[in-house]
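Here are the chains, one letter per residue:
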Amino acid sequence: MASSEMDFEITKSDKYSILLPTYNEKENLPIIIWLIMKYLDSSEYDFEVIIIDDGSPDGTLDVAKQLQKIYGPTKIILRPRERKLGLGTAYIHGIKHATGNFVIIMDADLSHHPKFIPKFIELQAKKDYDVVSGSRYIGDGGVYGWDFKRKLISRGANFVTQLLLRPGASDLTGSFRLYKKDVLQKLIDSCVSKGYVFQMEMIIRARQLKYTIGEVPITFVDRVYGESKLGGSEIVQFVKSLLYLFATT
Ligand SMILES: Nc1nc2c(ncn2[C@@H]2O[C@H](COP(=O)(O)OP(=O)(O)O[C@H]3O[C@H](CO)[C@@H](O)[C@H](O)[C@@H]3O)[C@@H](O)[C@H]2O)c(=O)[nH]1
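Being a predicted model, the structure only gives us computed values, none of them experimental.

1. Some remarks on the overall build of the chain
For the chain, the count of helices and strands is eight helices and nine strands. Over its C-alpha trace the chain gives a radius of gyration of 17 Å, about what one expects of a compact globule, namely 18 Å for 249 residues. Seen along its three principal axes, the alpha-carbon backbone of the chain occupies a region of about 45 × 45 × 35 Å. Within the chain, residue pairs in contact and separated by at least 24 positions form 84% of the contacts whose partners lie at least 6 positions apart.

Here it is as structure tokens:
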């Protein structure tokens, strides 16, 4: 048993692969890795962290190599790519190297706090969910540090998607999630979007394919170091993909 509660069980063979895509995260990476180790090492969970760096000019990969020396090559796995190829394809690349039967995806910029990971794992184990999604829009979840424009974009994207596609999950654009690996692979194979919109399509496809989705309230705290890579082109891509999904599903 990995928890004091006796109403769920983590099988000894369960392993969690945490995918961390990075682009210019040299300040954030050591802290997020330290927090992951703090919250997971103290548990009995078997896990690995896969860092997918896309040729960050700030030297994130060098920092990742140092971390690998500290925590060991079985805990920290480096799967870099030569150049910035986008968040969606970074996950697709990462999953190819995941050895766990569960995959956790999260941002490396400290917006997603690793303290929530055990909650994802416990909920999944309790109900055998195919997907557990972190939600900023249920219970005591929330967003901290975003300006009005960014909140409006996120709320607006969720609202319009809820209206058009009725996905039955409250946070569609968030990217703090746990998947059964085989489910994630099937969802990736069925998704057509790349970039940020990928997160939304994954939930829509999960519903289509009748996978079960659980939700854990999470707080999303805007990054302190570095900059968001969300720009106008991602927003245009989101709207295009939303209309495509509306027309085809
Ligand atoms: N490898 C790689 N990593 C990337 C790339 N672009 C971004 N990342 C990494 O992906 C994570 C999130 O990137 P940000 O650019 O900081 O995301 P954001 O604007 O804060 O957006 C967040 O909120 C969106 C809306 O809720 C989410 O859709 C998005 O996934 C992310 O969680 C960070 O760890 C960042 O380094 C890329 O092209 N390649």
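2. Thoughts on the packing of helix α1 (residues 28-41) against helix α2 (residues 60-71)
Interhelical geometry of α1 versus α2 gives an angle of 30° and a closest axis separation of 10 Å. Classified by the angle between their axes, α1 and α2 sit roughly parallel to one another. As α1 runs across α2, the sense of the crossing is right-handed. Here Leu 29, Pro 30, Ile 33 and Met 37 of α1 come into contact with α2, specifically with Thr 60, Val 63, Ala 64, Leu 67 and Tyr 71. Looking at the contact of α1 with α2 residue by residue, the classes come out as eight nonpolar, one polar and no charged.

3. Section: helix α5 (residues 148-165)
Because each turn of an α-helix spans 3.6 residues, side chains separated by three or four positions in sequence point in the same direction. In a regular helix each residue adds 1.5 Å, so 18 residues correspond to 26 Å; α5 covers 25 Å between its end C-alpha atoms and thus fits that length. Listed as buried for α5 are Ser 154, Asn 158 and Thr 161. In a view along the axis of α5, the buried residues occupy a sector of 70°, so they form one face of it. Across from the buried face of α5, at angles greater than 90 degrees, the exposed residues are Phe 148, Lys 149, Leu 152, Phe 159 and Leu 163.

4. Remarks on the sheet that holds strand β7 (residues 177-180)
Neighbouring strands of a sheet are bound in pairs by backbone hydrogen bonds; such pairs are parallel or else antiparallel. The mixed open sheet is built from seven strands, whose spatial order is β3-β2-β1-β4-β7-β5-β8. The sheet is open, and its two borders are formed by β3 (76-78) and β8 (213-217), each paired with just one other strand. Going across the sheet, the axis of each strand differs from the next one's by a mean of 20°, ignoring polarity. With four bridges joining them, strand β4 (residues 102-105) and β7 adopt antiparallel strand pairing. Counted as the bridge partner of Val 103 is Tyr 179 from β7. In the packing of helix α3 (residues 87-96) onto the sheet, contacts are made with β1 (15-22), β2 (46-53) and β4, and the angle to β1 comes to roughly 145°. Its contacts with the sheet put helix α4 (residues 117-127) on β1, β4, β5 (131-135), β7 and β8, and the angle it makes with β8 is roughly 150°.

5. Quick look at unusual backbone geometry
Even without glycine at this site, Asn 24 takes up a positive phi of about 60°. Among the secondary structure elements, Asn 24 is positioned in the loop between β1 and α1. On the basis of neighbour counts, which here come to 19 C-beta atoms within 10 Å, the residue Asn 24 falls in the partly exposed class.

Scoring rules and cut-offs
Along every chain, residues carry numbers that run from 1 in the direction the sequence is written. Only residues with pLDDT of 70 or above have their local features reported here, since the model is predicted, and side-chain atom pairs are shown and tallied only from 80 upward, although totals for entire chains, interfaces and linings are computed over all residues. Strands here are runs of E lasting at least two residues and helices are runs of H or I lasting at least four, both read from the DSSP assignment and numbered beginning at the N terminus. In this description the radius of gyration comes from C-alpha coordinates, and the expected globular size is given by 2.2 Å times residues to the power 0.38. A residue pair is marked as a contact if its C-beta atoms, positioned from the backbone, fall within 7 Å. Axis definition: a line fitted to C-alpha atoms, over the contacting stretch in the case of helices. Angles run 0 to 180 degrees between N-to-C directions. Here the angle decides the label: under 35 degrees means roughly parallel, over 145 means roughly antiparallel, 65 to 115 means roughly perpendicular, and every other value means oblique. Less than a right angle of anticlockwise turn of the near helix away from the far helix marks a crossing as left-handed, whereas a clockwise turn marks it as right-handed. Note on residue classes: Ala, Val, Leu, Ile, Met, Phe, Trp, Tyr, Cys and Pro are nonpolar, Asp, Glu, Lys and Arg are charged, and everything else, Gly too, is polar. Under the convention used throughout, the expected extent of a helix is 1.5 Å for every residue step, that is, one less than its residue count. Buried means a residue has 20 or more other C-beta atoms within 10 Å of its own C-beta, exposed means 12 or fewer, and partly exposed covers the counts in between; C-beta atoms are placed from the backbone. Throughout, the arc means that of the directions going from the helix axis to the C-beta atoms. Here a strand pair is declared whenever DSSP counts at least two bridges between the two strands.

Everything listed here is a matter of coordinates, which is why it stays silent on function.
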